[in-house]
Amino acid sequence: MKAGRYGVYGGQYMPETLMSALIELEETYRRISADPEFSRRLDWYLREYAGRETPLTYCTNISRELGCRVYLKREDLLHGGAHKLNNTLGQALMAKFMGKRRLIAETGAGQHGVATAIAGAALGLPVDVYMGEVDTRRQALNAFRMELLGARVIPVASGTRTLKDAINAAMRDWVTNLGSTHYLLGSCVGPHPFPRIVRDFQSVIGEEARRQVLEREGRLPDTVVACVGGGSNAIGIFSPFVDDDVALVGVEAGGAGLDTPRHGASLSAGSVGVFQGALSYLLQDADGQALETHSVAAGLDHPSVGPEHAMLKDTGRVRYEAVTDAEALAAFRYLSRAEGIIPALESAHAVAYALRSAGDLDRDGILVVNLSGRGDKDVADVAQIRGGAA
Ligand SMILES: *Cc1c(COP(=O)(O)O)cnc(C)c1O
């Protein structure tokens, strides 16, 4: 496989002006990957600050009901309430090792902006976050969180004033400030080497889960399930299992249904195209422009997906399924009552698939669901969707 490619996918579809930054990033990443001092410091932050390792929780009640052994990997218990900090801490520390003095990020729903602001505060790096003007209003609370955490939120007023425009603004900033600035990407997307870097920083999820399930069960699980937006929590838990005889299932946002335009299922219903500097599956119009997407889970409301997932779909190593808004909402309520754990709406997609498929396993079957985040952020929205009735 060519460097920076996953089969035909991935690559660097970038303006010439950014190539030197990508080459520098690749070289730094190679250097820090072999640097024990980097691993030592990252381990310290993950353990001491972020709260790793996260538990692998055996779900007594759900297991009894579903008739198989269900575990949750508890990324909801990581500082910040989701898996995102594994990546933002890793990249922020990498930026320091590169001698960069500033972080920039772009965010749609705001969750990646918040995770970047946390990492910037922890490591003493100033953070500028580009956010479409529409999104700064839709996600006002996250914009306020970023400011509380010391980041500057820059509203982007061009184009549709949403994520696409925020990405363009962040790229322009990066080109102008290459010497001082690291562009901290939030998922396993974008040009090489970002998909690789983000996967590696998120693989701590799967490495822990693999060890934990072996300790508890004496064998590997039958199935590992994770939700897929850009794909980082999924690739993080899948990677250490890819060479094993373990079924891997990625769950996309089915929104209002794949027979409508209102969903975010780029692998299940998209086609091959270029977005944010990489070739992958994409929800696009006839001109190759990314479409507006929809999901009840803001973190899955994304037109494309990481290139490694595109390859894993084509080779059949990972199965990709879609779960609708309604199914995810039902799973959100189900897990809350059954186990006393309120999942993020994103993670509720993985839970919903687990509920749908549990019948395929027998009593001794082991199912691991990646609980990518906690649902506190979604409680107000869910209350509104249900007209306030619990
Ligand atoms: C951002 C987010 C996601 C989606 O991002 P991936 O890169 O696909 O992991 C999923 N779950 C939660 C809780 C998130 O915050």
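Rules used throughout
- Residues numbered from 1 in each chain as written.
- Predicted model: local features only at pLDDT ≥ 70, side-chain atom pairs only at ≥ 80, totals over all residues.
- Heavy atoms only, no water.
- Domains from an automatic or database assignment.
- Buried area = accessible area lost by both parts, 1.4 Å probe.
- Salt bridge = Lys/Arg side-chain N within 4 Å of Asp/Glu carboxyl O.
- Polar contact = N/O pair within 3.5 Å; in protein donor to acceptor, adjacent residues only side chain to side chain.
- Helix = DSSP H or I, 4+ residues; strand = E, 2+ residues; numbered from the N terminus.
- Patch = residues over 30% accessible without salt bridge, like charges linked within 9 Å, V, L, I, M, F, W, Y side chains within 5 Å.
- Areas by Shrake-Rupley, 256 points an atom, 1.4 Å probe, with all protein chains shown as cover.
- Pairing = 2+ DSSP bridges.
- Axes fitted to C-alpha atoms, helices over the stretch in contact; angles between N-to-C directions.
- Contact = heavy atoms within 4.5 Å.
- Near = heavy atom within 4 Å.
- Buried < 20%, exposed > 50% of the residue type's maximum accessible area, 1.4 Å probe, protein only.
- Right-handed = clockwise from strand over helix to strand, strands pointing away.
- 1 Å grid on protein atoms, 1.4 Å probe; cavity = no way out; pocket = protein on both sides within 12 Å on 5 of 7 lines; lining within 4 Å.
- Points joined across faces, edges and corners; volume = space filled by probe spheres on them.
- Nonpolar A, V, L, I, M, F, W, Y, C, P; charged D, E, K, R; others polar.

**Q** I'd like a description of the domain arrangement of the protein chain, backed by residues and values.
**A** Structurally, the protein chain comprises domain 1 (5–46 + 84–198) and domain 2 (53–81 + 203–385). With both sides pooled, the region where domain 1 packs onto domain 2 buries about 2,400 Å², and carbon together with sulfur makes up 66% of that total. Area buried by domain 1 at its contact with domain 2 is led by Tyr6, Tyr9 and Asn86, which between them contribute 26% of it. Here domain 1 and domain 2 share zero salt bridges between them. At the surface where domain 1 touches domain 2, the tally comes to eight residue pairs in polar contact (both at pLDDT 80 or more). Mapped by element, the contributors of at least two residues to the side of domain 1 that touches domain 2 are strand 1 (5–6), strand 2 (9–10), helix 4 (84–97), helix 5 (111–123), helix 8 (163–176) and helix 9 (194–202). Considering each element in turn, the side of domain 1 that touches domain 2 owes the most residues, four residues, to helix 8.

**Q** So what about a nonpolar patch on the surface? Which residues, and what values?
**A** A cluster of nonpolar side chains, contributed by Phe144, Leu148 and Leu149, occupies part of the molecular surface with about 300 Å² of accessible area. With respect to the secondary-structure elements, Phe144 resides in helix 7 (residues 140–148).

**Q** Account for the sheet that holds strand 3 (residues 56–58), naming residues and giving values.
**A** Spatially, six strands are ordered 3-4-14-9-10-13 in an open sheet, and the strand pairing comes out mixed. Edge positions in the sheet fall to strand 3 and strand 13 (318–324), since each has one partner strand and no second. Ignoring which end each strand starts from, the neighbouring axes of this sheet average 25° apart. Summarising the sheet, strand 4 (residues 69–74) and strand 14 (residues 366–371) pair through six bridges and their orientation is parallel. In the sheet register, Leu72 faces strand 14, and the bridge partner there is Val369. Together, strand 3, strand 4 and strand 14 form the strand contacts of helix 10 (residues 204–217), whose direction differs from that of strand 4 by roughly 145°. Packed on one face of the sheet, helix 15 (residues 345–357) meets strand 9 (223–227), strand 10 (247–255), strand 13 and strand 14 and runs near 105° to strand 13.

**Q** Run through the site of the ligand, naming residues and quoting values.
**A** As a matter of local geometry, the ligand sits amid 17 residues, with Lys84, Gln111, Ser187, Ser232 and Ser372 nearest to it. Between an oxygen atom of the ligand and a main-chain N or O atom of Gly229, the distance comes to 2.7 Å. The contact in question runs from an oxygen atom of the ligand to an N or O atom on the side chain of Ser232, over 2.7 Å. Inspection of the shell around the ligand shows a minimum of three residues originating in each of domain 1 (5–46 + 84–198) and domain 2 (53–81 + 203–385).

**Q** Which residues make up the pairing of strand 6 (residues 127–132), and what are the values?
**A** The buried count for strand 6 comes to six of six residues, which makes it a mostly enclosed element. Taking every second residue as pointing to the same face, both faces of strand 6 are buried, with Val127, Val129 and Met131 on one and Asp128, Tyr130 and Gly132 on the other. Sheet analysis places strand 5 (residues 102–107) next to strand 6, joined by five bridges and oriented parallel. Following the sheet pairing, Glu106 is matched in strand 6 by Tyr130. Of the crossover connections in this fold, the one passing from strand 5 over helix 5 to the parallel strand 6 is right-handed. The sheet contact formed by strand 6 and strand 7 (residues 152–156) spans five bridges and is parallel. Pairing of Met131 across the sheet is with Pro155, part of strand 7.

**Q** Break down unusual backbone geometry for me, with residues and values.
**A** The linkage connecting Arg52 with the following residue, Glu53, adopts the cis geometry, with an omega of 0°. Checked against the element boundaries, Glu53 lands in the loop between helix 2 (36–50) and strand 3. His192 connects to Pro193 through a cis peptide bond whose omega is 10°. Looking at the secondary structure, you find Pro193 in the loop between strand 8 (181–183) and helix 9. The phi torsion at Arg161 lies on the positive side, around 60°, for a residue other than glycine.

**Q** Can you lay out the pattern of salt bridges for me, pointing to particular residues and giving the numbers?
**A** If you walk through the whole model with that rule in mind, you get 25 salt bridges. In this structure, the salt-bridge partner of Asp128 is Arg152, at a minimum N-O distance of 2.8 Å. You can see Asp128 sitting in strand 6 and its partner Arg152 sitting in strand 7, a full 24 residues away along the chain. Between Arg219 and Asp222 there is a salt bridge whose closest N-O contact spans 3.2 Å. Residue Arg219 is classed as partly exposed on the basis of its relative accessible area of 32%. A residue is classified by how much of its surface remains accessible, and Asp222, at 28% relative accessible area, is partly exposed. If you follow the salt bridges from partner to partner, you end up with Arg52, Lys73, Glu75 and Glu208 in one network.

**Q** Run through empty space enclosed by the protein, naming residues and quoting values.
**A** Scanning the entire structure with this criterion turns up three cavities of 30 Å³ or more. Its volume calculated, the largest cavity comes out at about 70 Å³. As for the largest cavity, its lining consists of Cys59, Ile62, Leu66, Val70, Leu72, Leu335, Val351, Ala354, Leu355 and Val369. Only helix 3 (60–66), strand 4 and helix 15 provide two or more residues apiece to the lining of the largest cavity. Looking at the lining of the largest cavity element by element, the count peaks at three residues for helix 15. Classifying every residue of the lining of the largest cavity gives ten nonpolar, no polar and no charged. Taken as a whole, the second largest cavity holds about 50 Å³ of empty space. Val189, Gly190, Phe275, Gln276, Ala278, Ser280, His302, Ser304, Val305 and Pro307 together form the lining of the second largest cavity. Partitioned by chemical class, the residues of the lining of the second largest cavity number five nonpolar, five polar and no charged.

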